[in-house]
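Analysis of the macromolecular model
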Protein chains: 4
Amino acid sequence: MAINHAECIEACNRCAAYCDFCAASCLQEENTKMMAECIRLDMQCAAICRLAAQYMAQGSEFAAQLCSLCAEVCQACGEECGKHDHDHCRQCADACMDCVRECRKMAA
Amino acid sequence: MAINHAECIEACNRCAAYCDFCAASCLQEENTKMMAECIRLDMQCAAICRLAAQYMAQGSEFAAQLCSLCAEVCQACGEECGKHDHDHCRQCADACMDCVRECRKMAA
Amino acid sequence: MAINHAECIEACNRCAAYCDFCAASCLQEENTKMMAECIRLDMQCAAICRLAAQYMAQGSEFAAQLCSLCAEVCQACGEECGKHDHDHCRQCADACMDCVRECRKMAA
Amino acid sequence: MAINHAECIEACNRCAAYCDFCAASCLQEENTKMMAECIRLDMQCAAICRLAAQYMAQGSEFAAQLCSLCAEVCQACGEECGKHDHDHCRQCADACMDCVRECRKMAA
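This text gives an overview of the structure that appears in the document. (Residues numbered from 1 in each chain as written. Chains lettered and ligands numbered in written order. Predicted model: local features only at pLDDT ≥ 70, side-chain atom pairs only at ≥ 80, totals over all residues. Heavy atoms only, no water.)

Describing the relation of the copies chain D and chain A
Here the second copy of the chain follows from the first by a rotation about an axis and a shift along it. Placing chain D over chain A gives an RMSD of 0.0 Å and needs a rotation angle of 180 degrees, together with 0.0 Å of translation along the axis. Such a turn and shift between the copies fits a two-fold axis. Of the C-alpha atoms belonging to chain D, the one lying closest to the rotation axis is found on N13 of chain D, 3.4 Å away. Both copies present the same face, since 100% of the interface residues in chain D are matched by interface residues at the equivalent positions in chain A. (Least-squares fit on C-alpha atoms with pLDDT ≥ 70 in both. Contact = heavy atoms within 4.5 Å.)

Here it is as structure tokens:
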């Protein structure tokens, strides 16, 4: 991709996909109650990751500020996902933490 | 609002807000498991309602087709919400069915 | 609406719709070049307003931070729109400035 | 990615990024007027690609219908971008046509 911040955009898109997948998968687990916080943060994380990707691709002057907030949401989501043993949670936690790093680098 | 399809845009925005609120509220209910399908459809419904509002406000030539699909998602979400007695589910069901009507009118 | 921050959600949705409409209308003006900055900010403003509305309706713990950034984007967009005489720019500038006020109040 | 329709999700995300980049780049070209239709379709295309990616990652029962409409929007956007010689338009046209193929395959 010839677009600036391509790696961060990719990390955001990947994180969004894993969050969407994790939320949908959590809703099919036996113990949904235990996954409530995970689902809640997945929804928020996916949405801000998509906006961050958009702002970066558009070259927005607000992209760094948004990535900084995005990193906070990803951090919260990744920490919550990291508490659970489901594959979708572990993959999501990895994608979140990867996105935290890329967004922090971008915002710096 | 001087914008075309103002009533349908408003119904979509209202539906999106009630779906977001219903999803978040369902996650705080005792029996989250029973609300899983409701949460799942709320997430999808809120997202397509927002895109439909965007397409209408932009005067997109694809707005009618999107509103037609949006009506289907709202219908599914409204029917699921209608099965539950929680206030947030009932309000969400009303907002969904209102949006079904507006989107069908728009798509016709 | 029984949802928290209902006025700010409404201001965000209204602002998003006017930004979408303004961007589409600017693209039909004779002098598109002069409207480039307006279109650019309209796109960014509409998108963050929609995410802010979502975060508030979901009761997100990050809603205040997002509304604070949203106010900055709305401010930039409203100032740019305010430079132009087209009806769609003036209406959009009003909606942006209204959203700045609501988002600042919410974020406070 | 262990998520279903991973290739189509990636094509949608890639298309969205190129559309956002193309819209922003078109606004900086000398002859913005000539690029108006391209910008207009870029905005619509990026937005529906993002929703399609979300629906697929969530395993939505409406994903095929949305991908079918997404393919139509991408086709219109790709054809318009294909009329212009700018690098960002050519890259965007390629990403759009790739997304058309993936979305049609998914919707079939």
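Section: the interface of chain D and chain A
Across the contact, 17 residues belong to chain D and 17 residues belong to chain A. Buried area between chain D and chain A, summed over both chains or domains, comes out near 1500 Å², and the portion from carbon and sulfur atoms is 63%. The interface formed by chain D and chain A holds 0 salt bridges in total. Put simply, chain D and chain A have 0 residue pairs in polar contact (both at pLDDT 80 or more) between them. Listed by contribution, the elements that provide at least two residues to the side of chain D that touches chain A are α1 (6-26) and α2 (36-57) of chain D. Grouping the amino acids of the side of chain D that touches chain A by side-chain chemistry returns 10 nonpolar, 4 polar and 3 charged. (Buried area = accessible area lost by both parts, 1.4 Å probe. Salt bridge = Lys/Arg side-chain N within 4 Å of Asp/Glu carboxyl O. Polar contact = N/O pair within 3.5 Å; in protein donor to acceptor, adjacent residues only side chain to side chain. Helix = DSSP H or I, 4+ residues; strand = E, 2+ residues; numbered from the N terminus. Nonpolar A, V, L, I, M, F, W, Y, C, P; charged D, E, K, R; others polar.)

A few points about a negative patch on the surface
A surface patch of like charges, here negative, comprises E7 and E10 of chain A together with E7 and E10 of chain D. Among the elements of the structure, α1 (6-26) of chain A together with α1 of chain D are those that each provide at least two residues to the negative patch. Turning to its location among the elements, E7 of chain D is positioned in helix α1. What makes E7 of chain D exposed here is its relative accessible area of 59%. (Patch = residues over 30% accessible without salt bridge, like charges linked within 9 Å, V, L, I, M, F, W, Y side chains within 5 Å. Areas by Shrake-Rupley, 256 points an atom, 1.4 Å probe, with all protein chains shown as cover. Lys, Arg positive; Asp, Glu negative; His and termini not counted. Charge placed at Lys NZ, Arg CZ, Asp CG, Glu CD. Buried < 20%, exposed > 50% of the residue type's maximum accessible area, 1.4 Å probe, protein only.)

Brief notes about the state of the cysteines
Residues and elements named next belong to chain B. Considering all chains together, one arrives at 0 disulfides over all chains under this definition. Just so you know, C70 is unpaired, no disulfide at all, and the nearest cysteine sulfur is the one on C49, 3.9 Å from it. No disulfide involves C99; its sulfur sits 3.7 Å from the nearest other cysteine sulfur, which is in C12. (Disulfide = S-S within 2.5 Å.)

Observations regarding the side chain of E29 of chain B
One can find E29 of chain B in the loop between α1 (6-26) and α2 (36-57). Apart from residues no more than four positions distant in its own chain, E29 of chain B is found in contact with K33 of chain A together with M35, H86 and H88 of chain B.

Description of the relation of the copies chain C and chain A
Expressed as a screw transformation, the operator carrying chain C onto chain A has a rotation angle of 180 degrees and an axial translation of 0.0 Å, and the superposed copies differ by an RMSD of 0.0 Å. Of the residues that chain C buries at the interface, 100% are likewise interface residues in chain A, meaning the two copies contact each other through the same surface.

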